[in-house]
Amino acid sequence: MTPVESTAPEGLEAVEAVALLRSTATIRDRARQLLDRARTGESSWFTVHDSFLDPAAELVVDTSRTRYPHGDIPFHSRWRHFEAGGVDRLATLDDRLPATEGAERSRTLIDIVLVSVLLDAGAGPDWSYRDSNGLTLARSEGLGVASWEAFGAGLFSSDPTRPLQADAAGLEAITVDALSAAFQVADDNRLAGLSGRVDLLRGLGRVLASRPEIFGADARPGGLFDHLTRGGRSRVPASDILQAVLEHLGPIWPTPNMIGSHPLGDCWRHDAVTGPGLTAGWVPFHKLSQWLTYSMLEPFVWAGVDVTGLDDLTGLPEYRNGGLLLDTGVLALRDDAGAAREWDVDDELIVEWRALTVALLDELADRVRDRLGSDPAAMPLACVLEGGTWAAGRLLAARLRNGLPPLSIRSTGTVF
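Numbers given to residues run from 1 along each chain, matching the order in which its sequence is written. In keeping with the model being predicted, local features are shown solely for residues with a pLDDT of at least 70 and side-chain atom pairs are shown and tallied solely at 80 or more, while totals for entire chains, interfaces and linings include all residues. To obtain the side-chain values, all non-hydrogen atoms of the structure were included, while hydrogens and water were left out.

Trainee: Sorry, what's going on with the packing of aromatic side chains here?
Mentor: Centre-to-centre distance and the angle between the planes together describe a pair of aromatic rings. Between rings of Phe, Tyr and Trp, where Trp is taken as its six-membered ring, a pair exists when centres lie within 6.5 Å; planes separated by under 30 degrees are stacked, by over 60 edge-to-face, and by other angles tilted. The final tally for this structure, using the stated rule, is eight aromatic pairs. With centroids separated by 5.1 Å and ring planes inclined at 80°, the aromatic side chains of Trp-79 and Phe-82 adopt a geometry described as edge-to-face. Here Trp-79 and its partner Phe-82 are both found in helix α4 (residues 78–82), three residues apart, which amounts to about one turn of the helix. The residues Trp-79 and Phe-82 share a single accessibility class, namely buried. Centre to centre, the rings of Trp-79 and Trp-302 are 5.2 Å apart; their planes meet at 75°, and the pair counts as edge-to-face. Residue Trp-79 is located in helix α4, and its partner Trp-302 is located in helix α14 (residues 287–302); the two are separated by 223 residues in the primary sequence. Cluster of aromatic residues (ring-pair linked, three or more members): Trp-79, Phe-82, Trp-148 and Trp-302. In this scheme, Lys NZ or Arg CZ marks a charge over a ring once it lies within 6 Å of the ring centre and within 35 degrees of the ring normal. Against the face of Trp-343 rests Arg-341, its NZ or CZ located 3.6 Å from the ring centre. When the ring centre of Phe-285 is taken as reference, the NZ or CZ atom of Arg-354 above it lies at 4.3 Å. By the criteria applied, helices consist of DSSP H or I runs no shorter than four residues and strands consist of E runs no shorter than two, each listed in order from the N terminus. Each residue gets one of three labels from its accessible area relative to the maximum for its type: buried under 20%, exposed over 50%, partly exposed in between, using a 1.4 Å probe on protein chains only.

Trainee: Even after reading the chapter, I still don't get empty space enclosed by the protein, so can you show me in this structure?
Mentor: Empty space left among the atoms is revealed by rolling a probe the size of a water molecule over them. Lining residues are those with an atom within 4 Å of a point, where the points come from a 1 Å grid over the protein atoms alone and group into cavities, where a 1.4 Å probe fits but cannot get out, or pockets, open sets with protein on both sides within 12 Å along at least five of seven lines. Grid points are joined across faces, edges and corners, and a volume is the space filled by probe spheres set on the points. Counted by the stated rule, this structure contains three cavities of 30 Å³ or more. Reported here for the largest cavity is a volume of approximately 190 Å³. Breaking the lining of the largest cavity down by element, the ones donating at least two residues are α7 (139–152), α14, α15 (319–327) and α17 (381–401). It is α7 that provides the largest number of residues to the lining of the largest cavity, a total of three residues.

Trainee: What is the right way to read the layout of surface pockets from this model?
Mentor: If you add up the space inside the second largest pocket, you get close to 200 Å³. Every residue along the wall of the second largest pocket is listed here: Val-87, Arg-89, Thr-92, Leu-93, Arg-96, Ser-132, Asn-133, Trp-148, Glu-149, Phe-151 and Gly-152. Counting residues per element, the ones that place at least two in the lining of the second largest pocket are α5 (89–96) and α7. Each residue gets one label: Ala, Val, Leu, Ile, Met, Phe, Trp, Tyr, Cys and Pro are nonpolar, Asp, Glu, Lys and Arg are charged, and the others, such as Gly, are polar. A class-by-class count of the residues in the lining of the second largest pocket yields four nonpolar, four polar and three charged.

As structure tokens, then:
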């Protein structure tokens, strides 16, 4: 990836630009710009075929009904991967937690889910994990269970007497060898982007240690729960959780994109996108931060917190949702040769594919709800994704390419 930096001076303008690029309203606006442009034939990379939206919605509905025949679709989150193989791993963790006040359980759950999401970038086609129950799991489920069992073994804690936590010192001490061993990496079981994942964990440790007012004296990710519920706050907008993640964890993302000295994270250039001031040409996604926010919803809900505004979050622009759109024909490459090469995350084709995915997921969600007789209040986007678009994308990939996505993106372990 080529570093991209604004040459504008530091100051209020840069701070305001970064804040705007952290907004999900901006994500949707930039994604819509590129979708509108593609629909008028101006895209260099894709054509849009709206006649395939209804068949795509039917596939998502059928997938949702098969996976959740009683209609009780949960949020799309890391917790679904922790449930792989039908094992109730949360109950086992609860049995190990000390009988303390409820906030400690919430801190622990946020510790594990935050670390696990950072380790969730694509595994690649050649890796799998054999868990303590004898199950062999690959891809997202394998990564989720591997991180769960590493957490349970105390890999991310610096205190041997308190293994069920992640803290700054424990995270900063993580090595490639330690994570490799925990994830059963070997010459014949390679995990893509391993060093990038380690760098993320170490970066997380440094950030936790630098902000005790947010993460507490123990410097744990779970400090976010205390921060967001301070003063007995019992109602928390989902956008507040995301903003806390972006503001307080933003420095961990090692992307080269900057405005002045401010890192932008999962935010990339596309010259066709317009916007005010320094934000012109930037397309934000914040996929891992939003995936983390989706995955943190349940620990808050389980603690009795009313999480509001779920649909302020956007669909996740990753290769399962984006793959669904390509494999159903809603999107088509202008040049089929693009499917035969490997791309970088900052390539304009990939930036545009992800933006089109965000915008089209909103349209697809409306069609899915209509067919299920539901509405956004009863079936927020988090449930459409879970039911849903992500699973249908995986289903088509398995059917068409043995699980591989329709476009190949070079993995750094820090975006997807």
